[in-house]
Amino acid sequence: MNIIKGGVCAAKGFTANGVHCGIRKNKSKRDLSLIISDTKATAAAVYTQNLVKGAPLTVTKNNISDGFAQAIICNSGNANTCNSNGIEIAEEMCALVAKETGISAKDVVVASTGVIGEVLDINPIKNGIPELVKGLGDNSLLAAEGIMTTDTKVKEIAVSFEIDGKECRIGGIAKGSGMIHPNMATMLVFITTDCAISSDMLQKALGEDIVDTFNMTSVDGDTSTNDMVTILANGRAGNTEITEDNDNFKIFAKALNTITVYLCRNIAADGEGATKLVECVVTGAKSKEQAKLSAKSVICSSLVKAAMFGSDANWGRVLCALGYGVPDLDPTGVDVSFKSAKGEIPVCVKGAGIPFSEEKAKEILLENEVEILVNLNSGDCSSTAWGCDLTYDYVKINGDYRT
């Protein structure tokens, strides 16, 4: 497994592009992206569990119901959600891609991100798609820029791996900074691979992966209306198609997990207003569910997040979050430590405080990546969750998000 360059264009047969078409007022911000495979690909997706869903999700779900797709179109700046003509607009976006590329409109994944409840004008998209298609190439970075909203950093990665002696590649781009909470999905993620894998196994791989990756990521506790993770696999690597849960499937799942974990960490680190990535690692749980509940409860706690912003070793807030978030918890068995590049410091043993250096703890927590280590000492199960600190800027960003 090797990290390579190329993002969603690393896999054979995929090209991409991103342009500014005029949805966003700032002309320096790209707001329309396209990813396309030169052949039809198997497709899989997972969607937000919010009952209020963006129109693009409905159209995408219908389009890939046969297990195939060939293109992904996404705009930023407007979510196309809670609009009376939302479905019509999303379908027209697919039709415009089809008209310009010659592929079927039913083979297009469509996505939108931005403000909820504002009508999406199709004209900027209609005017921008010819330029978007004309510029298709090895432009994963431009496509990644085109899906960003309040993100401050591009999120893309690719890896290579081997199946049946054939080099396979998988890459992804993501957007996600606010309205992020574990409840698939919590952002927009587009993944491409040239590995040959059936749509059923692709869905299985993605569905099993998100349980421990995207569903374990939170910025602010709000589950978005538009978010999904989509993957296309065009088979251009030439490996024997994966059609069952065998060794080759496990290799593919590991490669996919490398992509998703990287994107989760980067989404959390780039949370709106965030200054640091907060990772909670829970060990010693008596069940996987207990481990996951514990890790999520800690990274979702506003008080824990605020303490991390202040680099305050207020470990009592960790215990508090565990106490209300994990029904079968034995608080008298919990150990807590804080860790970063500056070292590790235990602050709680068996549910009680121990003497520790506040100065050393502060030094550890001032780093831009901090781990909260929790040992429940009640079993052999573990889980990891990713979040960020809660800062003044989060309120500023969301206080005037529309205006």
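Before any of the text, the structure's been laid out above.
The sections below set out a description of the structure shown in this document. Computed from a predicted structure; not experimentally measured. (Residues numbered from 1 in each chain as written. Predicted model: local features only at pLDDT ≥ 70, side-chain atom pairs only at ≥ 80, totals over all residues. Heavy atoms only, no water.)

Some words on the overall build of the chain
Stage number 1. In terms of regular secondary structure, the chain is built from 11 helices and 15 strands.
Stage number 2. By the compact-globule yardstick of 22 Å for 403 residues, the chain fits well, its C-alpha radius of gyration being 22 Å.
Stage number 3. Counting only C-alpha atoms, the chain reaches 70 × 55 × 35 Å along its principal axes.
Stage number 4. Taking all 403 residues of the chain together, the buried fraction comes to 55%.
Stage number 5. Sequence separation of at least 24 residues holds for 80% of the intrachain contacts in the chain that already meet a minimum separation of 6.
Stage number 6. With an accessible surface of roughly 16,000 Å², the chain has 49% of that area assigned to carbon and sulfur atoms.
Stage number 7. The average position of the 38 basic charges and that of the 49 acidic charges among the side chains of the chain differ by 3 Å. (Helix = DSSP H or I, 4+ residues; strand = E, 2+ residues; numbered from the N terminus. Rg over C-alpha atoms; globule rule 2.2 N^0.38 Å. Buried < 20%, exposed > 50% of the residue type's maximum accessible area, 1.4 Å probe, protein only. Contact = heavy atoms within 4.5 Å. Areas by Shrake-Rupley, 256 points an atom, 1.4 Å probe, with all protein chains shown as cover. Lys, Arg positive; Asp, Glu negative; His and termini not counted. Charge placed at Lys NZ, Arg CZ, Asp CG, Glu CD.)

Structural notes on the layout of surface pockets
Stage number 1. Considering only enclosed or pocket space, the largest pocket measures out at about 610 Å³ in volume.
Stage number 2. Lining of the largest pocket is provided by 21 residues; of these, Arg-24, Lys-25, Gly-77, Val-115 and Tyr-401 occupy positions nearest its centre.
Stage number 3. Residue composition of the lining of the largest pocket, by class: six nonpolar, eight polar and seven charged. (1 Å grid on protein atoms, 1.4 Å probe; cavity = no way out; pocket = protein on both sides within 12 Å on 5 of 7 lines; lining within 4 Å. Points joined across faces, edges and corners; volume = space filled by probe spheres on them. Nonpolar A, V, L, I, M, F, W, Y, C, P; charged D, E, K, R; others polar.)

Quick notes on the pattern of salt bridges
Proximity of charged atoms lets side chains of opposite charge pair with each other.
Stage number 1. One pass over the structure, following the stated rule, counts 16 salt bridges.
Stage number 2. Here Asp-151 and Lys-155 are joined by a salt bridge, their closest N and O atoms 2.7 Å apart.
Stage number 3. Look at Lys-155 and you get buried, because its relative accessible area is 1%. (Salt bridge = Lys/Arg side-chain N within 4 Å of Asp/Glu carboxyl O.)

Overview of empty space enclosed by the protein
Stage number 1. Inspection of every chain in the model, using the stated rule, returns one cavity of 30 Å³ or more.
Stage number 2. Considering the residues around the largest cavity, the lining is formed by Val-278, Val-298, Ile-299, Val-304, Lys-305, Ile-372, Gly-387 and Cys-388.
Stage number 3. Mapped by element, the contributors of at least two residues to the lining of the largest cavity are helix 7 (288-300), helix 8 (302-309) and strand 15 (381-388).
Stage number 4. Broken down by class, the residue content of the lining of the largest cavity amounts to six nonpolar, one polar and one charged.

Topic: the state of the cysteines
Stage number 1. Within the structure shown, the criterion is met by zero disulfides.
Stage number 2. Here Cys-381 stays free of any disulfide, with the sulfur of Cys-280 as its closest cysteine sulfur at 15 Å. (Disulfide = S-S within 2.5 Å.)

Some remarks on the side chain of Ser-199
Stage number 1. Along the chain, Ser-199 turns up in helix 5 (residues 199-210).
Stage number 2. Excluding its chain neighbours within four sequence positions, the residues that come into contact with Ser-199 are Thr-42, Ala-43 and Gly-67.

Concerning the packing of aromatic side chains
Stage number 1. Under the counting rule described, the total for this entry stands at two aromatic pairs.
Stage number 2. Summarising the aromatic geometry, the rings of Phe-161 and Phe-252 are spaced 6.3 Å apart at their centres and angled 65° between planes, so their arrangement reads as edge-to-face. Here Phe-161 is found in strand 6 (residues 155-163), whereas its partner Phe-252 is found in helix 6 (residues 247-269), with 91 residues between them in sequence.
Stage number 3. Note on Phe-161: relative accessible area 5%, which makes it buried.
Stage number 4. Residue class for Phe-252 comes out buried when judged on its relative accessible area of 0%.
Stage number 5. Ring plane angle 90° and centroid distance 5.2 Å describe the contact between Phe-309 and Tyr-392, whose orientation is recorded as edge-to-face. Here Tyr-392 lies in helix 11 (residues 392-399) and Phe-309 lies in helix 8, a separation of 83 residues in the sequence. (Phe/Tyr/Trp six-rings, centres within 6.5 Å; stacked < 30°, edge-to-face > 60°.)

Let's talk about unusual backbone geometry
Stage number 1. Its identity as a non-glycine residue notwithstanding, Asn-80 has a phi of 50°, on the positive side.
Stage number 2. Mapping Asn-80 onto the fold places it in the loop between strand 4 (68-78) and helix 2 (86-101).
Stage number 3. Even without being glycine, Asp-164 reaches a positive phi, approximately 55°.
Stage number 4. Turning to its location among the elements, Asp-164 is positioned in the loop between strand 6 and strand 7 (166-175).
Stage number 5. Given the relative accessible area of 41%, Asp-164 is considered partly exposed.

With respect to the side chain of Lys-305
Stage number 1. Along the chain, Lys-305 falls in helix 8.
Stage number 2. A distance of 2.6 Å separates a polar atom in the side chain of Lys-305 from the backbone oxygen of Val-219.
Stage number 3. Setting aside residues no more than four positions away along its own chain, Lys-305 makes contact with Val-219, Ile-299, Cys-300, Cys-388, Asp-389 and Leu-390. (Polar contact = N/O pair within 3.5 Å; in protein donor to acceptor, adjacent residues only side chain to side chain.)

As for the sheet that holds strand 14 (residues 369-375)
Stage number 1. The six strands are arranged 13-12-11-14-10-15 in an open sheet whose pairing can be described as mixed. The strands lining the two open edges of the sheet, one partner per strand, are strand 13 (352-353) and strand 15.
Stage number 2. Here strand 11 (residues 335-340) runs beside strand 12 (residues 343-349); their pairing, made up of five bridges, is antiparallel. Paired with Ser-340 across the strands is Gly-343, a residue of strand 12.
Stage number 3. Sheet strands in contact with helix 7 are strand 10 (277-285), strand 14 and strand 15, and its direction is about 20° off that of strand 15. (Pairing = 2+ DSSP bridges. Axes fitted to C-alpha atoms, helices over the stretch in contact; angles between N-to-C directions.)

Describing the environment of Glu-156
Stage number 1. By the secondary structure assignment, Glu-156 is in strand 6.
Stage number 2. The sequence separation of Glu-156 and Lys-175 amounts to 19 residues, and the corresponding C-alpha distance is 9.4 Å.
Stage number 3. Setting aside residues up to four positions removed in sequence, Glu-156 forms contacts with Gly-7, Ser-140, Leu-141, Gly-172, Ile-173, Tyr-262 and Leu-263.
Stage number 4. A polar contact of 2.7 Å, which involves the side chain of Glu-156, links it to the side chain of Ser-140.

Observations concerning the packing of helix 7 against helix 9 (residues 316-325)
Stage number 1. Across the interface, helix 7 lies against helix 9 with an axial gap of 8 Å and an inter-helix angle of 130°. When the interaxial angle is binned, helix 7 and helix 9 end up oblique. The way helix 7 lies across helix 9 gives a crossing that is right-handed. Each of Leu-293, Ser-294, Ser-297 and Val-298 in helix 7 lies in contact with helix 9, whose residues at this interface are Val-318, Ala-321, Leu-322, Tyr-324 and Gly-325.
Stage number 2. The residue inventory of the contact of helix 7 with helix 9, partitioned by class, reads six nonpolar, three polar and no charged. (Parallel < 35°, antiparallel > 145°, perpendicular 65-115°, else oblique. Left-handed = near helix turned anticlockwise from the far one by under 90°.)

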